[in-house]
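This is what each chain is made of:
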Amino acid sequence: MAYETIIVEIEDSVALIRLNRPDALNALNAALIGELGQALADADRNDKIRCIVLTGGEKAFAAGADIKEMSTKTFVDAYDEDLFGAHVDAFTRIRKPIIAAVSGYALGGGCELAMICDFIIAADTAKFGQPEINLGIIAGIGGTQRLTRFVGKSKAMDMHLTGRFMDAAEAERSGLVSRVVPAAKLIPEAMAAARKIAEKSQVSIKAAKEAVNRAFETTLAEGLLFERRSFHALFATEDQKEGMAAFLEKREPQFRDR
Ligand code: CO8
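A quick note: this is a predicted structure, and the numbers were derived from the prediction, not measured.

Caption draft 1: Seen up close, the packing of helix H6 (residues 143–151) against helix H7 (residues 153–162). In contact at an axis separation of 7 Å, H6 and H7 are set at 140° when each is read in the N-to-C sense. Classified by the interaxial angle, the pair formed by H6 and H7 is oblique. The handedness of the crossing between H6 and H7 comes out as right-handed. The segment H6 lies against H7, with Gly143, Thr144, Leu147, Thr148 and Val151 engaging Lys153, Lys155, Ala156, Met159 and His160. Considering only residue class, the contact of H6 with H7 consists of four nonpolar, four polar and two charged.

Below, the structure is given as structure tokens:
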């Protein structure tokens, strides 16, 4: 499918989705958000795709929501159209793993979009921030909630109240990103991680994603019970038999996602 604001490439069962409004530092306008939703939903439905990598450009993953497009909205406009709400809820329902590969600025909605992904691999040039406070607003797609869960209250407050940016080293130290790599290695590293995920049994991949996400939604006791039930259920799969037999026979497993 031809898009105007994103580029989608499929390589070895991985969909690489690139935000592509370089002149506006990939600011998230309505067209881009709509196309991204479509591409993610298509990738989720496509049996040939087993993992998704979401990236931007060298200078910016995304510099936030499109300020020009938002600037004239009233409260009633935002409330009535549920500004960003429905689209973003749909992003969080994608069942396949999504890796954010972040180079340059990931600000405001860009930082929030990266946090909606399952994990973030950052280039050493990455800069994360929630500078909405400078515009007289606050984060709108989860920044106050997700950033706080990633980095704790003190740093999240600092970021949201001062609007300062966090570099890649600080983001890794704080637990916001899973790894930092030289900028030139960002896409190869993210694609290699995605291919590694794609090799696994997709039943257990989905179960792992659901169980980790549960940690953000419930109590420890409920989360542990959820994990235990999924763990037990996976013994009903052919892939569990194959995975364990392959280990014992000292060979690579041939998973069939069954
Ligand atoms: N919206 C629209 N255009 C933008 C945005 C943006 N967020 N960011 C950059 N641009 C445009 C600039 O206007 C400029 O365009 P032009 O050349 O036509 O003037 C072009 O991109 C290049 O930008 P700069 O000249 O400013 O580049 P610099 O290298 O000098 O600065 C910065 C880079 C620091 C990233 C700077 O552009 C900046 O501060 N951008 C705004 C960052 C920001 O405030 N982001 C938060 C936006 S609000 C938000 O995200 C609310 C979240 C709600 C949910 C979102 C769901 C999708």
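Here the narrative resumes, following the displayed structure.
Caption draft 2: Molecular detail of the pairing of strand S1 (residues 6–11). Pairing geometry for S1 and strand S2 (residues 14–19), over six bridges, is antiparallel. Looking at the pairing, Glu11 lines up with Val14 of S2. Two successive antiparallel strands, S1 and S2, enclose a turn made up of two residues, where Asp12 displays a positive phi of approximately 50°.

Caption draft 3: Structural context of the site of the ligand. Contacts to the ligand come from 24 residues, most closely from Lys59, Ala63, Ala65, Ile67 and Gly109. Note that a nitrogen atom of the ligand is positioned 2.9 Å from one of the backbone N or O atoms of Ile67. Between the ligand and Gly109 there is a distance of 2.8 Å, counted from an oxygen atom to a backbone nitrogen or oxygen. Considering the ligand on its own, with 1100 Å² of exposed area, one finds that the protein chains cover 66% of that surface. Taken together, the residues that form the shell around the ligand break down as 15 nonpolar, four polar and five charged.

Caption draft 4: Molecular detail of unusual backbone geometry. One non-glycine residue, Leu25, adopts positive backbone phi at about 50°. Classification of Leu25 by relative accessible area gives partly exposed; the value is 24%. Positive phi is not limited to glycine here, since Lys250 has a value of about 55°. On the basis of relative accessibility, which here comes to 78%, the residue Lys250 falls in the exposed class.

Caption draft 5: Highlighting the nonpolar core. In this structure, Phe128 and Leu176 are the most contacted members of the largest nonpolar core, which totals 44 residues. In this view, Leu176 contacts Met115, Ile120, Phe128, Leu147, Phe150, Val151, Met166 and Ala171; residues no more than four positions away in its chain are not counted. Formed by 16 residues, the second largest nonpolar core is a distinct cluster that contains Val14, Val181, Met191 and Ile205.

Caption draft 6: Looking closely at the environment of Arg164. Inspection of the secondary structure assignment puts Arg164 in the loop between H7 and strand S9 (165–167). For the pair Arg164 and Gln130, spaced 34 residues apart in the sequence, the C-alpha separation amounts to 7.4 Å. Sequence-distant contacts of Arg164, defined by excluding residues within four places in its chain, comprise Phe128, Gly129, Lys155, Asp158, Met159 and Glu170. Among the polar contacts listed, one links the side chain of Arg164 to the side chain of Asp158, at a separation of 3.0 Å. A distance of 2.7 Å separates polar atoms of two side chains, one belonging to Arg164 and the other to Glu170.

Caption draft 7: Looking closely at helix H1 (residues 30–45). Taking 1.5 Å per residue, 16 residues should reach 22 Å; H1 reaches 23 Å between its end C-alpha atoms and fits that length. Those residues of H1 lying buried are Leu32, Ile33, Glu35, Leu36, Gly37, Ala39, Leu40 and Ala43. Those residues of H1 hidden inside the fold are in contact with S1, S2, strand S3 (51–55), helix H4 (85–92), strand S5 (98–102) and helix H5 (109–116).

Definitions and cut-offs
Residues numbered from 1 in each chain as written. Predicted model: local features only at pLDDT ≥ 70, side-chain atom pairs only at ≥ 80, totals over all residues. Heavy atoms only, no water. Axes fitted to C-alpha atoms, helices over the stretch in contact; angles between N-to-C directions. Helix = DSSP H or I, 4+ residues; strand = E, 2+ residues; numbered from the N terminus. Parallel < 35°, antiparallel > 145°, perpendicular 65-115°, else oblique. Left-handed = near helix turned anticlockwise from the far one by under 90°. Contact = heavy atoms within 4.5 Å. Nonpolar A, V, L, I, M, F, W, Y, C, P; charged D, E, K, R; others polar. Pairing = 2+ DSSP bridges. Near = heavy atom within 4 Å. Polar contact = N/O pair within 3.5 Å; in protein donor to acceptor, adjacent residues only side chain to side chain. Areas by Shrake-Rupley, 256 points an atom, 1.4 Å probe, with all protein chains shown as cover. Buried < 20%, exposed > 50% of the residue type's maximum accessible area, 1.4 Å probe, protein only. Core = buried A, V, L, I, M, F, W, Y, C linked by side-chain atoms within 4.5 Å. Expected span 1.5 Å × (residues − 1).

That's the geometry; what it means functionally is another story.
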